Amino acid sequence: MSLPITPSQTVGPYLAIGLPWPDGPLAVPEGTPGAITITGLVLDGAGKPLPDALVETWQADPDGRFDHPDDPRGAVAPSVAGFRGFGRSATDADGRYRIRTLRPGPLPCQGGATEAPHLDVSVFARGLLDRVVTRIYFADEAAANAADPVLAAVDAGRRGTLIAAPAAGADGEFSFDIRLQGEGETVFFDV
Amino acid sequence: MTDQPHATAAGGLILPGYERPRGVHPPLNSPEYRSTALRAPKRPLVRLPQNLTEITGPLLGHERVTAADADLTSRHDGEAIGERIIVYGRVLDSDGRPVPDTLVEIWQANAAGRYRHRVDGHPAPLDPNFDGAGRCLTDSLGRYRFITIKPGPYPWGNHHNAWRPAHIHFSLFGRAFTQRLVTQMYFPGDPLFPFDPIFNSIPDPTARERLISRFDLAKTVPDWALAFEWDIVLRGAASTVFEREGER
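Caption draft 1: Spatial organisation of the interface of chain A and chain B. The partner chain B presents 73 residues to the 63 residues of chain A that form the contact. Per-element accounting of the side of chain A that touches chain B gives the leading share, four residues, to strand β7 (residues 119–125) of chain A. Its residues assigned to classes, the side of chain A that touches chain B comprises 34 nonpolar, 17 polar and twelve charged. One ladder, built from two bridges, connects strand β12 (residues 189–190) of chain A with strand β3 (residues 46–47) of chain B; its direction is parallel. Bridge pairing links Asp190 of chain A to Arg47 of chain B in β3 of chain B.

Quick look at the structure:
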């Protein structure tokens, strides 16, 4: 049996009515030891921030495990209480999103390779007829990033768009801007 | 047209593969919809393998939803104004399997075509008894059901005399990151379909039709509400993957 898939449509300008949750940006509860903040701007092709976008993140726990039955290694409840693995942040009036989470662990993948710690990201906005998908890696995981098969498949000159940098002067904060178009356009994936 | 589902071995582990639909979703760069001009990426997408992060996803449960969240008409002291309707259907994957216990979120304009949002400047009345947001979980058979008000069409600034056909926004998770979908449900026979660049951004006319709900007299509640049925099909996690792998 094969059914035709339902097509995507844009979230439009009024997603704030239906999608944000009060605890959406908290993939882990406030006050969790070791929690980090990932924050940045969502920018259009003119470099203008989007005040009406939604950023969602999905990731493994710090041990590289998922509380999910389709992980063939078995579903594992997170070792940190309240860890959800999923973050959702609408951008504010300045175009900024903010996710509070834990650093994910590395993951096994094809051919015995290991994926460096990363988050999968979906971006939704007016003007995007389908979500766009990217990944967040961490600048301080240079060795793991160098061995990551997904980064290796990306044009070396654009790899930097997938790397979150530690924010200056803010411990535990990483900066990751998303440029939808133009100079420094973020690498987006067909998933 | 779709790529064939495939199985991948992750560190010796066999993972399900999700089909990659081709020609189903609108192209990001759709100039008739003007907001795409500065927002749609210009560089080609890079193919992402479907590894552990992609074949898993948030399984958001009952803690996010109360039974009252599925009725958008009775959140306030007074009744919402407009044509009361029941919107129901199933969430399935393309293998025909129901997607149970998955979060469905909706938002919409009111009967006058006005959103409860600060940037909606349409000079139509707000309804103090209608917020326009709802959510529910599908049941064990993948079924969902909302009680709401039929949204009105509304003008927008895309081009001269542009009007959106009446629609309800739907957000779906499925069970994997690959299955995430946000879309819009329309109503049968809307005269605005031929003029709407968002509806028509879907290249295949038969795929567009899949966003149009079906009027269902059998599910109407006499003397109370009309009913519209709409099934949503997410990308399949081919159930044959493991068998195919075993045949090799």
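Caption draft 2: Structural context of unusual backbone geometry. Residues and elements named next belong to chain B. Although it is not a glycine, Asp101 adopts a positive phi angle of roughly 55 degrees. Residue position: Asp101 is located in the loop between β4 (84–93) and β5 (103–108). On the neighbour-count criterion, Asp101 (14 C-beta atoms within 10 Å) is partly exposed.

Caption draft 3: Summary view of the sheet that holds strand β10 (residues 167–172) of chain B. Residue and element names in this part refer to chain B. The antiparallel open sheet is built from four strands, whose spatial order is β6-β5-β10-β11. Taken across any chain shown, the strands that pair with only one partner, and hence form the sheet edges, are β6 (133–137) and β11 (181–186). With direction set aside, neighbouring strand axes in the sheet form an average angle of 20 degrees. In this structure, β10 lies alongside β11, joined through six bridges in antiparallel fashion.

About the criteria used
Residues numbered from 1 in each chain as written. Chains lettered and ligands numbered in written order. Predicted model: local features only at pLDDT ≥ 70, side-chain atom pairs only at ≥ 80, totals over all residues. Contact = placed C-beta atoms within 7 Å. Helix = DSSP H or I, 4+ residues; strand = E, 2+ residues; numbered from the N terminus. Nonpolar A, V, L, I, M, F, W, Y, C, P; charged D, E, K, R; others polar. Pairing = 2+ DSSP bridges. Buried ≥ 20, exposed ≤ 12 C-beta atoms within 10 Å, placed from the backbone. Axes fitted to C-alpha atoms, helices over the stretch in contact; angles between N-to-C directions.

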